[in-house]
Amino acid sequence: MFISVPATSANLGPGFDTLGLAVDLRNEIIIKPSKFLSISTHGEGADNPKIKKNSLFLSIFNENYKRLTDGRLDNFRFEFHNRIPISRGLGSSSAVIVAALSGAYAASGTRYNKREILNQALRYEHHPDNITPAVMGGFNVACVEGDRVYSKKRRMPDYLRAVVVVPNRTISTARSRTVLPKMYRKEEMVYSLSRAAYMTALFMSESWDLLRIASKDKLHQARRMKMMPELFDVQKVALKHGALMSTLSGSGSTFFNLAYDKDADKIAQALQARFPHFRVFTLSLDNNGVSTKN
């Protein structure tokens, strides 16, 4: 079985824990029946002992495989080919969760749909902004009611590109949430809520040239970016050279920039020249989400 899951960028500025989209940078997992448990890891995290064990993947896979097979637990060989940078705000944890669930369903021979995978993923990741595009692909607006994710998807056109800047340092999601206040002023809430709503309308109507206004926020971005001040310069450089929007990806440290394909190389070159120690990727947007092949 072959499982493929895209990277994701969440929040997109004002859409805190709500908005996200998928980009064509994929983790791939090959699962084969085996006499013994066997794991091999390639790419991102391959030199990290904790990552090499893939304990999160195996825990979720085994738990759900047993649930789907009435308690049976068989051995498999798992080959991980990781391309999504780890702990950089591109949904690496959500990709693991979604891949483990999809793999468990496929390996057990259980029929399923993507909505079922998404709702199961909510058990392990309580915010829907990354898991939804990882499963569905495209741009997604999502909310949680009870134990279900309700979401609406918009396919992304092929004339847009993502230019992502991956710093050489991480920002812990848990730590980044500690810099957020427990109370917000009403003006801050209205500012960001209005822009999240406006951004959703712009994505749904493909009104890209207004995204620079819609992507501003007063809830989390600036507070988190202060943990790595050079991110303010990343944003300035991207917008100066033609990015349609430039936002912290998830809790960071990656910065996500949306651009027309004709402008993407110019933006990427300017960012790489200004930040030579950071990685810069120019990527297509993904509309497929998780895929499984036998």
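Not measured: the values here are computed from a predicted model.

*Asks:* Before we move on, can you summarise the environment of R195 with the specific residues and values?
*Replies:* Considering the arrangement of structural elements, one finds R195 in helix α7 (residues 186-205). Here the alpha-carbon distance between R195 and A214, two residues 19 residues apart in the chain, equals 4.7 Å. Those residues in contact with R195 that lie beyond four places of it in its chain are P14, I213, A214 and K216.

*Asks:* An account of the sheet that holds strand β9 (residues 255-260) is requested, with residue identities and associated values reported.
*Replies:* Taking strand neighbours across the sheet as the criterion, the four strands line up as β8-β9-β7-β10 in an open arrangement whose pairing is antiparallel. For this open sheet the edge positions go to β8 (245-248) and β10 (279-284), each flanked by a neighbour on one side alone. Averaged over neighbouring strand pairs, the angle between their axes works out to 20 degrees when direction is ignored. Pairing between strand β7 (residues 160-166) and β9: six bridges, direction antiparallel. Within β9, the position partnered with A162 by the bridge is L258.

*Asks:* Any details on the side chain of N287? Residues and values, ideally.
*Replies:* Structurally, N287 is set in the loop between β10 and β11 (291-293). Apart from the residues lying within four places of it in its own chain, the contact partners of N287 are M136, G137, G138, K153, R154, R155 and M156.

*Asks:* Pulling in residues and values, what's your account of the pairing of strand β2 (residues 19-33)?
*Replies:* With respect to burial, β2 is a largely interior element, 11 of its 15 residues being buried. Note: strand β1 (residues 2-10) against β2, nine bridges, orientation antiparallel. In the strand pairing of β2, S4 is matched with E28. Two elements, β2 and strand β5 (residues 139-145), share three bridges in a ladder whose sense is antiparallel.

About the thresholds
Residues numbered from 1 in each chain as written. Predicted model: local features only at pLDDT ≥ 70, side-chain atom pairs only at ≥ 80, totals over all residues. Heavy atoms only, no water. Helix = DSSP H or I, 4+ residues; strand = E, 2+ residues; numbered from the N terminus. Contact = heavy atoms within 4.5 Å. Pairing = 2+ DSSP bridges. Axes fitted to C-alpha atoms, helices over the stretch in contact; angles between N-to-C directions. Buried < 20%, exposed > 50% of the residue type's maximum accessible area, 1.4 Å probe, protein only.

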